[in-house]
Amino acid sequence: HGGGREVVGAGERPRMGSARKAYHAGSWYSDQEDVLRSQLESFLASAGPGTLKEVAPGSTLKALIGPHAGYSYSGPTAAHGYVNIDPSQVTKIILLGPSHHVYLRGCAISGASTYETPVGDITVDVETCKALLKTGNFEKMSLRVDEEEHSLELHLPYIAQVMKGHDFSLVPIMVGSIDAELEKVYGEILSEYFGKPGHLFIVSTDFCHWGSRFRYTFYDRSFGKIWRCVEHLDRKGMDLIEKKSPTEFRDYLEEYNNTICGRHPISIFLQAVNLSGVESSIKFVHYVQSSKCLRETDSSVSYASAICYSSS
């Protein structure tokens, strides 16, 4: 995946410097500005005042981990992360999300210069994107690939809402299906950004997708009901993320094969944190399941939010 090859669909010409439309607005969340804004405000108000103020007052928020489902499912969980952002402290956001539609053997950055949302547009940090391309380890998403992927987009309205009126830029990175070695390579590249003041990482992931429709039905009866087993499984993974141990997290995924769609963005992030030399803590602040599975025919998706903060 050499210097800046384009991830493109058939017969499609790459466009640079264009605006990425809010492709999933009107289906995954409202495309009406006033409706969406009041929904985000109410989610954030319910999640307030935020865990950071309680557990580590005076510390700096360095990162969030949050879900990317439709807002009726995961909007409230996402708010438990976003409510901790102090917009006056943030100048650059690095957003990592998994690729759901295109097979990608590395990572790709956006070729757009603006990301549109119903609650305000977001400026893409074109300079940082170019610097990442120059490393030779990143490809460039075509506009169509960029728009069709929802894992990055579902974070954009929250970002636009929380950062409203503040000057900042966004570095969107789509993460492909990569091995441990590449996770470390990308972690190393991004670790310098983790250490910089004003830089905030956001990692997009849902947790267990359980049920035959997801081809994942792991069930250890000793935990009682299915949903309790799912929660135990998710929390096991969450504990290893809090431990900041990419190796143990990978071993856990190999052992249980838990369907955590953002496993690679999480692993890159953990590598970046560890290689940055910055003392930090990760804490999960919210966890919920879309429904509680009781029978083999049921299905659910788990959503969780975490904060990463540094007292230095």
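Quick note: structure is the one above.
This structure is a prediction, so every number in the text was calculated from the model and none was measured.

Cut-offs used in this document
Residues numbered from 1 in each chain as written. Predicted model: local features only at pLDDT ≥ 70, side-chain atom pairs only at ≥ 80, totals over all residues. Heavy atoms only, no water. Salt bridge = Lys/Arg side-chain N within 4 Å of Asp/Glu carboxyl O. Helix = DSSP H or I, 4+ residues; strand = E, 2+ residues; numbered from the N terminus. Buried < 20%, exposed > 50% of the residue type's maximum accessible area, 1.4 Å probe, protein only. Expected span 1.5 Å × (residues − 1). Axes fitted to C-alpha atoms, helices over the stretch in contact; angles between N-to-C directions. Parallel < 35°, antiparallel > 145°, perpendicular 65-115°, else oblique. Left-handed = near helix turned anticlockwise from the far one by under 90°. Contact = heavy atoms within 4.5 Å. Nonpolar A, V, L, I, M, F, W, Y, C, P; charged D, E, K, R; others polar. Phe/Tyr/Trp six-rings, centres within 6.5 Å; stacked < 30°, edge-to-face > 60°.

*Asks:* Describe the pattern of salt bridges, listing the residues and the values that go with them.
*Replies:* When the charged atoms of two side chains with opposite charge come close together, those side chains can pair. All told, the structure shown has 11 salt bridges when counted by the stated rule. For Lys-21, the salt bridge goes to Glu-116, with nearest N and O atoms at 3.7 Å. Here the residue Lys-21 occupies a position in the loop between strand 2 (19-20) and helix 1 (33-47), and Glu-116 occupies one in the loop between strand 6 (114-115) and strand 7 (122-123), the gap between them amounting to 95 residues. According to the relative accessible area criterion, Glu-116 is partly exposed, its value standing at 23%. Notably, a salt bridge pairs Glu-248 with Lys-243, separated by 2.9 Å at the nearest N-O pair. Taken together, the shared-partner salt bridges connect Arg-20, Asp-146 and Glu-153 into one network.

*Asks:* I'd like to hear about unusual backbone geometry, residue by residue, with values.
*Replies:* In this chain, Gly-48 is followed by Pro-49 through a cis amide linkage whose omega measures -5°. Within the secondary structure layout, Pro-49 lies in the loop between helix 1 and helix 2 (51-55). Its identity as a non-glycine residue notwithstanding, Asn-257 has a phi of 55°, on the positive side. Checked against the element boundaries, Asn-257 lands in the loop between helix 10 (246-256) and helix 11 (263-276).

*Asks:* Got a sec to walk through helix 9 (residues 226-242)? Specific residues and values, please.
*Replies:* Think of an α-helix as turning once every 3.6 residues; residues three or four places apart then point the same way. Compared with the 24 Å implied by 1.5 Å per residue over 17 residues, the 24 Å span of helix 9 between its first and last C-alpha is a close match. Along helix 9, the residues classified as buried are Ile-226, Trp-227, Cys-229, Val-230, Leu-233, Asp-234, Gly-237, Met-238, Leu-240 and Ile-241. Lys-244 occupies a position one or two residues after helix 9 and carries a positive phi of about 60°.

*Asks:* Lay out the packing of helix 10 against helix 11 in plain terms, naming residues and giving numbers.
*Replies:* Running from N to C, helix 10 and helix 11 cross one another at 160°; their axes reach a closest spacing of 9 Å. Relative to helix 11, helix 10 is oriented roughly antiparallel. Taken as a pair, helix 10 and helix 11 cross one another with a handedness that is left-handed. For the pair helix 10 and helix 11, the contacting residues are Pro-246, Phe-249, Arg-250 and Leu-253 in the first and Arg-263, His-264, Ile-266, Ser-267, Leu-270, Gln-271 and Asn-274 in the second. The residue makeup of the contact of helix 10 with helix 11, split by class, is five nonpolar, four polar and two charged.

*Asks:* Before we move on, could you go through the environment of Ala-25 and cite the residues and values that matter?
*Replies:* Note that Ala-25 resides in the loop between strand 2 and helix 1. Looking at Ala-25, the relative accessible area reads 18%, which means it is buried. For the pair Ala-25 and Pro-246, spaced 221 residues apart in sequence, the C-alpha separation works out to 34 Å. Not counting residues up to four positions away in its chain, the partners in contact with Ala-25 are Ser-30, Asp-31, Pro-118 and Glu-153.

*Asks:* Please set out the packing of aromatic side chains residue by residue, giving values where relevant.
*Replies:* All chains considered together, the criterion is met by 11 aromatic pairs. Summarising the aromatic geometry, the rings of Phe-138 and Tyr-186 are spaced 5.1 Å apart at their centres and angled 75° between planes, so their arrangement reads as edge-to-face. With Phe-138 in strand 8 (residues 138-141) and Tyr-186 in helix 8 (residues 180-194), this pair connects stretches of sequence that are 48 residues apart. A relative accessible area of 1% means that Phe-138 is categorised as buried. Here Tyr-186 falls in the buried class, since its relative accessible area comes to 0%. Ring geometry for Tyr-252 versus Tyr-256: centroids 5.7 Å apart, planes at 50°, classification tilted. Pair noted here: Tyr-252 and Tyr-256 are both in helix 10, with a separation of four residues, about one helical turn. The class for Tyr-252 is buried, based on a relative accessible area of 3%. An aromatic cluster is defined as three or more aromatic residues linked by ring pairs; in this entry it consists of Tyr-29, Tyr-71, Tyr-82 and Tyr-158.

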